[in-house]
Amino acid sequence: MSSIEPAIQTPVAVDLCIDAEWIIPIEPAGSVLRDHTLVVSHGRIADLLPTTAANERYQPVERRDLGGHVLLPGLVNLHTHAAMSLLRGFADDLPLERWLQEKIWPAEARYGTAEFVSMGSLLACLEMISGGVTCFNDMYFFPEQTIEAAAATGIRAAIGIIVIDFPTVYAQNTAEYFEKGAALYAKHSSAPLLSFCLAPHAPYSVSDEGFRQVVSLATQHDLPIHVHLHETRREIEESLALHGGTPLNRLDHLGAISDRTIAVHGVYFTDEEMSLLAERQTSVAHCPVSNLKLASGIANIPAISSREINWGLGTDGAASNNRLDIWQELRQAALLAKVTANNAGSLNAHEVLRAATLSGAKALKLDHEIGSLSIGKSADLCAVKLSQWINQPCFDPASHLVYVTGREDVTDVWIAGKCRKNAGQIVDLSRFELLPQLELWHTRLISL
Ligand SMILES: [Zn+2]
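Cut-offs applied
- Within any chain, residue numbers begin from 1 and follow the written order of that chain's sequence.
- In keeping with the model being predicted, local features are shown solely for residues with a pLDDT of at least 70 and side-chain atom pairs are shown and tallied solely at 80 or more, while totals for entire chains, interfaces and linings include all residues.
- The side-chain quantities take in all heavy atoms of the structure and omit both hydrogens and water.
- For the purposes of this entry, the term helix denotes a DSSP run of H or I that reaches at least four residues, the term strand denotes a run of E that reaches at least two, and both are numbered from the N terminus.
- Whether a residue is buried, partly exposed or exposed follows from its accessible area with a 1.4 Å probe, protein chains only, as a fraction of its type maximum: under 20%, in between, or over 50%, in that order.
- Contacts are residue-level and defined by heavy atoms, with any inter-residue pair within 4.5 Å sufficient.
- In this charge count, Lys and Arg are treated as positive and Asp and Glu as negative; neither His nor the chain ends contribute.
- Taken as the charge location is NZ of Lys, CZ of Arg, CG of Asp or CD of Glu.
- Each patch is built from salt-bridge-free residues with over 30% relative accessible area, joining like charges within 9 Å and nonpolar side chains (Val, Leu, Ile, Met, Phe, Trp, Tyr) within 5 Å.
- Areas reported as accessible are Shrake-Rupley estimates using a 1.4 Å probe. Residue values count occlusion only from the protein chains shown.
- Here a salt bridge means any side-chain nitrogen of Lys or Arg lying within 4 Å of a carboxyl oxygen belonging to Asp or Glu.
- For Na, K and Ca the donor cut-off is 3.2 Å, while for other metals it is 2.8 Å, and in both cases only N, O and S atoms qualify; water is not among them, so sites may look incomplete.
- Residues are said to line a cavity or pocket when one of their atoms sits within 4 Å of a point; the points come from a 1 Å grid over protein atoms alone, cavities being sets where a 1.4 Å probe fits but cannot get out and pockets being open sets with protein on both sides within 12 Å along at least five of seven lines.
- Grid points are joined across faces, edges and corners, and a volume is the space filled by probe spheres set on the points.
- A strand pair is defined by DSSP finding two or more bridges across the two strands.
- What the arc measures is the spread of directions leading from the helix axis to the C-beta atoms.
- Within 6.5 Å between ring centres, the rings of Phe, Tyr and Trp (the latter by its six-membered ring) count as paired, and their orientation is classed by plane angle as stacked under 30 degrees, edge-to-face over 60, tilted in between.

*Asks:* Can you explain the overall build of the chain? Please cite residues and give values.
*Replies:* The helix and strand inventory of the chain stands at 15 helices and 16 strands. Within the span of the chain, comprising 448 residues, buried residues form 58% of the whole. Pairs at least 24 residues apart make up 72% of the contacts formed inside the chain by residues separated by at least 6 positions. Once the 34 positive and 51 negative side-chain charges of the chain are each reduced to a mean point, those two points are 2 Å apart.

*Asks:* Requested: an account of the environment of Tyr 140, with residues and values cited.
*Replies:* Of note, Tyr 140 is situated in the loop between β6 (133–138) and α4 (143–153). According to the relative accessible area criterion, Tyr 140 is buried, its value standing at 4%. Along the primary structure Tyr 140 and Leu 386 are separated by 246 residues, whereas in three dimensions their C-alpha atoms are 36 Å apart. Those residues in contact with Tyr 140 that lie beyond four places of it in its chain are His 81, Ala 83, Met 84, Glu 108, Phe 116, Val 117 and Ile 162.

*Asks:* Outline a nonpolar patch on the surface, listing residues and values.
*Replies:* A cluster of nonpolar residues, Leu 335, Tyr 403 and Val 404, forms a patch on the protein surface that exposes about 240 Å² of accessible area. Relative to the helices and strands, Val 404 is located in the loop between α14 (397–403) and β14 (410–415).

*Asks:* I'd like to hear about unusual backbone geometry, residue by residue, with values.
*Replies:* Peptide bonds are mostly trans, and most non-glycine residues show a negative phi. Here the amide bond leading from Glu 27 into Pro 28 is cis, since omega sits at -5°, within 30 degrees of zero. Along the polypeptide, Pro 28 turns up in the loop between β1 (12–23) and β2 (33–41). Along the chain, Gln 392 connects to Pro 393 via a cis peptide bond; the corresponding omega equals -10°. Topologically, Pro 393 is positioned in the loop between β13 (381–385) and α14. Backbone geometry at Asp 93 places phi at a positive 60°, although glycine is not the residue there.

*Asks:* So what's going on with the coordination of the zinc ion? Residues and values would help.
*Replies:* Donor atoms from the polypeptide that coordinate the zinc ion comprise His 79 (NE2), His 81 (NE2), His 228 (NE2) and Asp 316 (OD), at 2.1 to 2.2 Å from the metal. Considered as a linear motif, the donors of the zinc ion on their single chain read H-x1-H-x146-H-x87-D. Taken as a pair, His 79 in strand β5 (residues 75–80) and Asp 316 in the loop between β12 (311–313) and α12 (326–341) lie far apart in primary sequence, 237 residues in all.

*Asks:* Describe empty space enclosed by the protein, and please don't skip the residues or the numbers.
*Replies:* By the definition in use, this model includes one cavity of 30 Å³ or more. Estimates place the volume of the largest cavity at around 250 Å³. Lining the largest cavity are 22 residues, with His 81, Met 84, Leu 100, His 201 and His 228 sitting closest to its centre. Counting residues per element, the lining of the largest cavity draws most heavily on helix α2 (residues 96–111), at six residues.

*Asks:* Lay out the sheet that holds β13 with the relevant residues and their values.
*Replies:* Across the sheet, which stays open at both edges, the eight strands sit in the order β3-β2-β1-β4-β13-β14-β15-β16 with mixed pairing between neighbours. Edge strands, defined here as strands with exactly one partner in the open sheet, are β3 (44–50) and β16 (425–426). Examined bridge by bridge, strand β4 (residues 58–73) and β13 share five bridges and lie antiparallel to one another. Along β13, the bridge assignment pairs Val 70 with Val 384.

*Asks:* Describe helix α9 (residues 271–280), naming the residues involved and giving the relevant values.
*Replies:* Within α9, burial applies to Glu 273, Met 274, Leu 276 and Leu 277. In a view along the axis of α9, the buried residues occupy a sector of 155°, so they form one face of it. Exposed positions of α9 whose direction lies more than 90 degrees from the buried face are Asp 271, Glu 272 and Glu 279. Looking at the buried side of α9, the elements it contacts are α8 (247–253), β11 (283–286) and α11 (301–306). Gln 281 sits one or two positions beyond α9 and adopts a positive phi of about 60°.

*Asks:* Describe in detail the packing of aromatic side chains, supporting the description with residues and values.
*Replies:* This structure, assessed with the given rule, holds seven aromatic pairs. Relative to Trp 441, the ring of Phe 116 lies with its centre 5.5 Å away and its plane at 80°, an arrangement referred to as edge-to-face. On the criterion of sequence distance, the pair formed by Phe 116 in helix α3 (residues 114–130) and Trp 441 in helix α15 (residues 434–446) is long-range, its members being 325 residues apart. Taking relative accessible area as the criterion, Phe 116 reaches 2% and is therefore assigned buried.

*Asks:* Can you tell me about the pattern of salt bridges, naming the residues and giving the values?
*Replies:* Counting across every chain of the model gives 22 salt bridges. Asp 380 is the salt-bridge partner of Arg 156, the closest N and O atoms lying 2.7 Å from each other. Linking Arg 156 in strand β7 (residues 156–163) with Asp 380 in the loop between α13 (349–363) and β13, this pair joins segments that are 224 residues apart in sequence. Classification of Arg 156 by relative accessible area gives buried; the value is 5%. When its relative accessible area of 4% is taken as the criterion, Asp 380 is described as buried. Ionic pairing is found between Arg 323 and Asp 325, a salt bridge with its closest N-O pair at 2.8 Å.

*Asks:* Before we move on, could you go through the environment of Pro 224 and cite the residues and values that matter?
*Replies:* With respect to the element layout, Pro 224 can be found in the loop between α6 (208–221) and β9 (225–229). Since its relative accessible area comes to 3%, Pro 224 is described here as buried. The spacing of Pro 224 and Ala 363 is 139 residues in sequence and 7.9 Å in space, taken between C-alpha atoms.

The structure is reproduced here in C-alpha cells:
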C-alpha cells in the first residue's frame, strides 16, 4: 500500500453476502471454513473470506446470516428420468426386466405424452431444488417439456438427446429420435442454465448404427454421452450371446467409450474393464438406491475410486428409487463402499461430498462452471441447518452432512445467484398449483 492511499477503503458494492458458520467449498479437498462469508455478484462467486474481513470490504444489497448452517455447492444429480416422478410407487418390488416390461413400458406407452413429461418434470425439479440439488442430468422422451419445467423452476439441467430403437409416442424410429434431438439442440444450445448430452438409452436398446451416429454427433458438437451400462448380469450375458462381447467391449469397439462418456450404474465391471474405463477417462454415475431396490447389485466404488475413475451420484427415476434425494444416495454410497471393501475407512465424508458435487459436474464437463465454491464459478449453492437439537452435538459438519442430516434440513438454495429456496420454503411454490394436477394424474394412472 502506498502512503498516499487512504487507510479506509470504500466498501465494494455486491449483490449478496452469505455469512455461514461453516462453509465446505469442496476445493481445496477436505477443507472446512469457520465463520466465513461467500460473496455473490452477478450470479457468480466473487469472494470467499472470513466474515470479519467481508464486513469491511463489501457492501451487499442483501445479507443472509446463516449461523448454525453449513453452506456448500448445490448437489449434482448425475442420472435422472425426471418425468417418471408421476410413476413414484407405481411398480415396486419387481426385478428390472419385469419392472420395465410388465409395468413401466406399458404405462409409458399409454400415458408417456408431452403432458405427462411436463407435469412429471415439474414435480421432479421442485423436489430436487427442495433437497439442495441444483443441476440434474436427464434422459427421457419429450425433452422439450423437461427444458420448460427446468426453466420454470430455475434449476440447471443437462438434457439428454434420447435415442432408442423402439417406437414411442415421442418418436417412431431411430431417425426421428435423431431429428427431434437435433432440432432441440439447435433451438436451446445457448440457453444459460442448459447443457446437452447424447443419451442412447442402453446397449440392449440401441443398435451399432445408432451408437455410431451418437459418437459422430457427440464429437461434432463436443457433448457427453449419457448411457446405462452394465446395470444387470443379464444385460451382460445377453450381449455375450448376441454380440460375442460384453456391452462395454461392444461400445468401446464402436468408439462410444471415451472421456465424454457417462456410464450409468456400472454395477458389473471386471478388473480389466475398470482399467479400460480408467484409460479412456470415462465417468461413472453411481445410483446405489436404484441398484438396491431393483436388486441389480452393488457397484464396486472402492475399486473404481482406486483407479481414479471419475464418479458421481444419481438417483435414477422416481419409479425405481423412489426419492430424487442425493443425500440418501451419498449416505448409501458411503456405507456400501465400506462393506464392499470390508474397510470402514473406505470413502470418507469429504470424498462422498465431492462425488455429489464436483465429480458430477466434471462428468458433465461443467466443472469450470459449478461443483465447488471457487471464485468465478456460478453461485449454485445449498445451505443445511445443523443447529436443531436433533443434529446436535456436531463435531464435524462434513460427517453430519453424510451420516446425520437429510434433505429436510436444506433451508436455502441458490442457482446462478437466484434464491430458489428461502428459509425452508421453495420461492413462489403456490404459482405451480401442483395438487389438482397431481390428483388428475393419480386418477389416470391408477386405472391402468
Ligand atoms: Zn436410468
